[in-house]
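Notes for the structure review
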Amino acid sequence: MLEVKSLTVSIRNKNGKIYPLVKNLSYKLNEGETLAIVGESGCGKTMQAMAIMGLLPPNIHVTQGQILFNNKNILQLSPKERREINGKEIALVFQDALTALNPVITIRQHLLEVFKARTNLTLNEAENKIKELLEQVELPQSILSSYPHQISGGQRQRVMLALALTLNPKLLIADEPTTALDENTQEQILNLIKKLQKAYKMAVIFITHDLILAKEIADRIFVLYSGTKVEESLAKELFSNPLHPYTYGLFKSIITKDTPKGIPLFEIHGSPRGRSRFYGCPFKDRCKKSSRVCYKFVPSLEELRPRHYCACFWAKSIDSQRRQND
Amino acid sequence: MTSNTILELKDIKKTYIKISFFKKHKTEVLKGANLTLQQGKTLALIGPSGCGKTTLLKIILGLEKQDCGTVKLLGKDTSKITKKELRQVLSNIGVIFQDPYSALDPRQTIEQILSEPFIISKKPFNKQTLVNALNEVSMKENDLKKFPHQFSGGQRQRINIARALILKPKLIIADEPTSALDVSVQAQIVNLLTKMQKKYNFALLFVSHNLALCKYLCQNIVLVKQGLLTEVSGDEL
């Protein structure tokens, strides 16, 4: 359904120099599948989603690659053709629902706006559709006359979902839809996305920095680091067997109910910023296993276990060591 | 009350009244909250959004007035002391806010941000004090000249922590300090907070949604539910 082929998204700075934000990213998404993209802030998760939607900021461009949606390269479409796809075929749910909704119009106006702009429905038909939509996202009808600031964070996220679903899209991109919510509401929204996915037979790209959430919702996960895909696998396999030192570090630094008290948490030292990420392995400066090879060459993505890909020179030895221990 | 009690809340009640179209809507947020926090201890406040956690913090910080009940900070009842005394008492509290992006003034340099607590509390300081504060949170001297937007989320939260600790307070209030951060950065910040607490022995009032984090970090956990505070053990979570 969706195929991203060696996509590179770059930013042009004030001096006219071009730096890549997403490097050579390739992945496929089948109908009805859920793919989670996991990574730290600034690793390019949102930028690649914006590239799919055609919503990149003015100084950021796709410099290489293709995005095939139903075998059509959407990067070559005219703005008018692109508009036909956005919303109807691909919908996006933004991270912060409060800033994504217009503060001066009611929820009814938000929903009506979409029907007015994109369909030929009469007002009555649109109203009936809105009622159905609200039932789908489990919101009361009374919410229609409220303004965004009058409803809770969870309700706002439900409104965002309703807005995304108005035109029955085939692909839903959820960009950290639960980050601003508390644990209970997070779970409710996740369950709702799962339910809606089944009802609408949609494919979902779930962007998050929370590995546990990714495991709960996704069939497949890939880990992005500094714009490069460093590991990809089925969700369960990734949890039981993380091969890349970065993924392993992410898992180890999660605090669970069984984390022993008093012992310092596992940290991945440093931050992904700095120029050295532009040559060799992007993770080399923060990796305990890095050696000369990591500084000279960029590791390529290799299939080390069935459907488990990893881009690290040391992953093979880590894997064989683990197999021996097993 | 023992001598090392830093914070004591007794029977705090708060009702918000909203008037719209000639009708009065009353929302009882706190219905008699009691709480004590000793020096060097960590207490977690947990509860769903809108349960009254932030109201309680506002009352402790004097940003909101309670309807009834007493707040004792360092043994002094905040409603019975003069403004000058209150300011002195409040300089013993450091606050770390949830969102590292909006907690720092974008037009101030880190040097200005870190010197503000000294200026407000009228205490003397020099550049070395600011450098030391930055070094303690693993940042460098040349960061003093930079602006907040030049740092990552984790670094900004480190600056927040440096600012909260700069007056060597006896109580730190951390309002979901890690919820806007990634897992890896969260671990760095939690480790930094525990290290600092061991060094300075301050009391920590930690507000969070993350139950596992509260269990890891805190000796006591208090659940805010329907305006009442109930202590729960970590195993119950």
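All values derive from a computational prediction rather than experimental measurement.

1. Brief notes about empty space enclosed by the protein
- Scanning the model with the defined rule gives 2 cavities of 30 Å³ or more in all.
- Computed from the structure, the largest cavity encloses a volume of approximately 60 Å³.
- Around the largest cavity, the lining residues are His244(A), Pro245(A), Cys281(A), Phe283(A), Lys284(A), Cys287(A), Ser290(A), Cys294(A), Pro299(A), Cys312(A), Phe313(A) and Trp314(A).
- By residue class, the composition of the lining of the largest cavity is 9 nonpolar, 2 polar and 1 charged.
- In this structure, the second largest cavity occupies an estimated 50 Å³ of space.
- Around the second largest cavity, the lining residues are Ala133(B), Glu136(B), Val137(B), Ile161(B), Ala162(B), Leu165(B), Ile166(B), Lys168(B) and Met196(B).
- Of all elements in the fold, only α4 (127-136) and α5 (153-165) of chain B reach the threshold of two or more residues within the lining of the second largest cavity.
- Examining the composition of the lining of the second largest cavity, we find that 3 residues originate from one element, α5(B), more than from any other.
- Here the residues of the lining of the second largest cavity sort into 7 nonpolar, no polar and 2 charged.

2. Brief notes about the sheet that holds strand β4 (residues 68-73) of chain B
Residue and element names in this part refer to chain B.
- Taken together, 4 strands build an open sheet; the order of strands is β2-β1-β4-β5 and the sheet is antiparallel. Of all strands in the sheet, those with a lone pairing partner are β2 (23-38) and β5 (76-77), marking the two edges.
- As paired strands, strand β1 (residues 5-20) and β2 are joined by 13 bridges and run antiparallel to one another. When the bridges of β2 are listed, Lys13 appears paired with Lys31.
- In the packing of helix α1 (residues 53-60) onto the sheet, contacts are made with β1, β2 and β4, and the angle to β1 comes to roughly 115°.

3. Observations regarding unusual backbone geometry
All names here are of chain B.
- At Asn201, a residue that is not glycine, the phi angle is positive and equals roughly 55°.
- Within the fold, Asn201 resides in the loop between α6 (183-200) and β8 (203-207).
- Positive phi, close to 50°, is recorded for Gln226, a residue that is not glycine.
- As for its placement among the helices and strands, Gln226 is situated in the loop between β9 (220-225) and β10 (228-232).
- Residue classification places Gln226 among the exposed positions, given a relative accessible area of 62%.

4. Details of the pattern of salt bridges
All names here are of chain A.
- A full pass over the atoms with the stated rule returns 17 salt bridges over all chains.
- Glu302 is the salt-bridge partner of Lys316, the closest N and O atoms lying 3.8 Å from each other. Of this pair, Lys316 sits in helix α12 (residues 315-325) while Glu302 sits in strand β11 (residues 302-305), and the two are 14 residues apart along the sequence.
- Take Glu302: its relative accessible area is 37%, and that puts it in the partly exposed class.
- Sharing partners across several salt bridges, the network here consists of Glu33, Arg220, Lys229 and Glu232.

5. Focus on the interface of chain B and chain A
- Counting residues at the interface gives 25 residues for chain B and 26 residues for chain A.
- Taking both partners together, chain B and chain A bury about 2,200 Å²; carbon and sulfur atoms supply 51% of that area.
- If you sort the residues of chain B by the area they bury against chain A, Asp182(B), Val183(B) and Tyr216(B) come out on top, with a joint share of 29%.
- Run the count over chain B and chain A and you get 0 salt bridges.
- Applying the counting rule to chain B against chain A returns 8 residue pairs in polar contact (both at pLDDT 80 or more).
- At the level of secondary structure, the elements contributing two or more residues to the side of chain B that touches chain A comprise α6 and α7 (211-217) of chain B.
- For the side of chain B that touches chain A, the element with the highest residue contribution is α6(B), accounting for 8 residues.
- The residue inventory of the side of chain B that touches chain A, partitioned by class, reads 13 nonpolar, 10 polar and 2 charged.

6. A closer look at the layout of surface pockets
Residues and elements named next belong to chain B.
- By volume, the second largest pocket amounts to about 760 Å³.
- When contributions to the lining of the second largest pocket are tallied by element, the ones reaching two or more residues are α1, α2 (83-90), β6 (93-96), α3 (110-120), α5 and β7 (171-175).
- Looking at the lining of the second largest pocket residue by residue, the class counts come to 13 nonpolar, 4 polar and 5 charged.

7. Overview of the packing of aromatic side chains
Residue and element names in this part refer to chain A.
- For the structure on display, the rule yields 6 aromatic pairs over all chains.
- Judged by centre distance (5.1 Å) and plane angle (85°), the rings of Tyr225 and Phe283 are edge-to-face. Here the residue Tyr225 occupies a position in strand β9 (residues 220-225), and Phe283 occupies one in the loop between α10 (245-252) and α11 (292-296), the gap between them amounting to 58 residues.
- Among the residues examined, Phe283 registers a relative accessible area of 3% and is labelled buried.
- Counting every residue linked through ring pairs, the aromatic cluster contains Tyr225, Tyr246 and Phe283.
- In this arrangement the basic side chain of Lys229 is found over the ring face of Phe222, its NZ or CZ atom lying 5.0 Å from the centre.

8. Digging into the pairing of β7(B)
Residue and element names in this part refer to chain B.
- The buried fraction of β7 is high, at 5 of 5 residues.
- Sheet topology note: the β7/β8 ladder contains 5 bridges and is parallel. Paired with Ala174 across the bridge in β8 is Phe206.
- The parallel pair β7 and β8, bridged by α6, forms a crossover whose chirality is right-handed.

9. What about the environment of Cys312(A)?
Residues and elements named next belong to chain A.
- Positionally, Cys312 belongs in the loop between β12 (308-310) and α12.
- Along the backbone, Cys312 and Glu33 are 279 residues apart, and their C-alpha atoms lie at a distance of 27 Å.
- Not counting the four nearest positions on each side in its chain, Cys312 is found in contact with His244, Pro245 and Pro299.

10. Considering a nonpolar patch on the surface
- Judged by side-chain polarity, Val293(A), Phe297(A), Phe313(A) and Trp314(A) come together as a nonpolar surface patch covering roughly 360 Å² of accessible area.
- Mapped onto the secondary structure, Val293(A) falls in helix α11.

Cut-offs used in this document
Residues numbered from 1 in each chain as written. Chains lettered and ligands numbered in written order. Predicted model: local features only at pLDDT ≥ 70, side-chain atom pairs only at ≥ 80, totals over all residues. Heavy atoms only, no water. 1 Å grid on protein atoms, 1.4 Å probe; cavity = no way out; pocket = protein on both sides within 12 Å on 5 of 7 lines; lining within 4 Å. Points joined across faces, edges and corners; volume = space filled by probe spheres on them. Nonpolar A, V, L, I, M, F, W, Y, C, P; charged D, E, K, R; others polar. Helix = DSSP H or I, 4+ residues; strand = E, 2+ residues; numbered from the N terminus. Pairing = 2+ DSSP bridges. Contact = heavy atoms within 4.5 Å. Axes fitted to C-alpha atoms, helices over the stretch in contact; angles between N-to-C directions. Buried < 20%, exposed > 50% of the residue type's maximum accessible area, 1.4 Å probe, protein only. Salt bridge = Lys/Arg side-chain N within 4 Å of Asp/Glu carboxyl O. Buried area = accessible area lost by both parts, 1.4 Å probe. Polar contact = N/O pair within 3.5 Å; in protein donor to acceptor, adjacent residues only side chain to side chain. Phe/Tyr/Trp six-rings, centres within 6.5 Å; stacked < 30°, edge-to-face > 60°. Lys NZ or Arg CZ within 6 Å of the ring centre and 35° of its normal. Right-handed = clockwise from strand over helix to strand, strands pointing away. Patch = residues over 30% accessible without salt bridge, like charges linked within 9 Å, V, L, I, M, F, W, Y side chains within 5 Å. Areas by Shrake-Rupley, 256 points an atom, 1.4 Å probe, with all protein chains shown as cover.

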